[in-house]
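Chain residues, written in single-letter form:
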Amino acid sequence: MSDTTTIFHNPRCSKSRAAMELLTEKGLDLNVVKYLETPPDRDTLVKVLDMLNMEPRDLMRKGEKEYKENNLSDESLSRDELIDAMLKYPKLIERPIVIKDGKAAIGRPIENIVEIL
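The structure displayed is predicted, hence computed values, not measured ones. (Residues numbered from 1 in each chain as written. Predicted model: local features only at pLDDT ≥ 70, side-chain atom pairs only at ≥ 80, totals over all residues. Heavy atoms only, no water.)

### Re the pairing of strand S4 (residues 103-106)
Remark: a regular strand shows side chains that alternate across the two faces of the sheet.
Here's step 1: Bridge analysis of strand S3 (residues 97-100) against S4 gives four bridges, and the strand direction is antiparallel. Within the sheet, the bridge partner assigned to Lys100 lies in S4 and is Lys103.
Here's step 2: Connecting S3 to the antiparallel partner S4 that follows it, the hairpin turn spans two residues, and Asp101 within it adopts a positive phi of roughly 50 degrees. (Pairing = 2+ DSSP bridges. Helix = DSSP H or I, 4+ residues; strand = E, 2+ residues; numbered from the N terminus.)

Structure, rendered in structure tokens:
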């Protein structure tokens, strides 16, 4: 298994920058995915959701205008429709997400990341 640690990173986000700092201090081999520039594909997003044991809406930033404008709070939307929205608007994906050794954590709070390292 690869020793690489992946982080879905937004450099403009203070929590994401804090996670990067933590991972760098630990000397980990990092695969940095600037997900706003290079969004994950469907398979990757589904795997991340599975690793986090979450449904798409649980991983969404509900305060974003894209969430409100696309009525993503509508309970009748299917899992696939919510995933489609996240792929179309990667800004909706909560951050940072760190993946190591088949485990994933959202770095809010940053202690969540420490638990999988």
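This is not the end of the story, as more comes after the structure.
### Notes on the environment of Met51
Here's step 1: Residue position: Met51 is located in helix H2 (residues 42-52).
Here's step 2: Linking Met51 and Lys103, residues 52 residues apart in sequence, is a C-alpha distance of 5.8 Å.
Here's step 3: If we skip the residues at most four places from it in the chain, Met51 touches Ile99, Gly102, Lys103 and Ala104. (Contact = heavy atoms within 4.5 Å.)

### Remarks on the pattern of salt bridges
Here's step 1: Summed over the entire model, instances satisfying the criterion amount to 10 salt bridges.
Here's step 2: Glu64 is the partner of Arg61 in a salt bridge, and the nearest nitrogen-oxygen pair spans 3.1 Å. Like Arg61, the residue Glu64 is buried in the burial classification.
Here's step 3: We classify Arg61 as buried; its relative accessible area is 18%.
Here's step 4: In the salt-bridge network here, residues are joined through shared partners; they are Arg61, Glu64, Lys91, Glu94 and Arg108. (Salt bridge = Lys/Arg side-chain N within 4 Å of Asp/Glu carboxyl O. Buried < 20%, exposed > 50% of the residue type's maximum accessible area, 1.4 Å probe, protein only.)

### Observations regarding the packing of H2 against helix H4 (residues 79-88)
Here's step 1: Across the interface, H2 lies against H4 with an axial gap of 11 Å and an inter-helix angle of 115 degrees. Here H2 lies roughly perpendicular to H4, going by the angle between them. Note on packing geometry: the crossing formed by H2 with H4 is right-handed. For the pair H2 and H4, contact is made by Arg42, Leu45, Val46, Leu49 and Asp50 and by Arg79, Asp80, Ile83, Asp84, Met86 and Leu87, respectively. (Axes fitted to C-alpha atoms, helices over the stretch in contact; angles between N-to-C directions. Parallel < 35°, antiparallel > 145°, perpendicular 65-115°, else oblique. Left-handed = near helix turned anticlockwise from the far one by under 90°.)

### Let's talk about the side chain of Asn10
Here's step 1: Position of Asn10 relative to the elements: it lies in the loop between strand S1 (5-8) and helix H1 (14-25).
Here's step 2: Asn10 has contacts with Ser16, Tyr35, Leu36 and Arg95, leaving out every residue within four places of it along the chain.

### Brief notes about H4
Here's step 1: Of the residues making up H4, those classed as buried are Leu82, Ile83, Ala85 and Met86. On an axial view of H4, the arc spanned by its buried residues comes to 155 degrees, and they lie on one face.
Here's step 2: Contacts from the buried residues of H4 go to H2. (Arc of directions from axis to C-beta.)

### Considering empty space enclosed by the protein
Here's step 1: Counted according to the given criterion, the structure contains one cavity of 30 Å³ or more.
Here's step 2: Lining the largest cavity, in full, are Phe8, Pro40, Leu45, Val48, Ile93 and Ile97.
Here's step 3: Residues belonging to the lining of the largest cavity are distributed by class as follows: six nonpolar, no polar and no charged. (1 Å grid on protein atoms, 1.4 Å probe; cavity = no way out; pocket = protein on both sides within 12 Å on 5 of 7 lines; lining within 4 Å. Points joined across faces, edges and corners; volume = space filled by probe spheres on them. Nonpolar A, V, L, I, M, F, W, Y, C, P; charged D, E, K, R; others polar.)

### Points about the sheet that holds S1
Here's step 1: Taken together, the four strands give an open sheet; going across it, the order is S2-S1-S3-S4, and neighbouring strands pair in mixed fashion. Each of the sheet's edge strands pairs with one partner strand only, and the pair in question is strand S2 (30-33) and S4. Sheet twist, expressed as the mean angle between neighbouring strand axes with direction ignored, is 15 degrees.
Here's step 2: The sheet strands contacting H1 are S1, S2 and S3, and the helix crosses S1 at an angle near 165 degrees.

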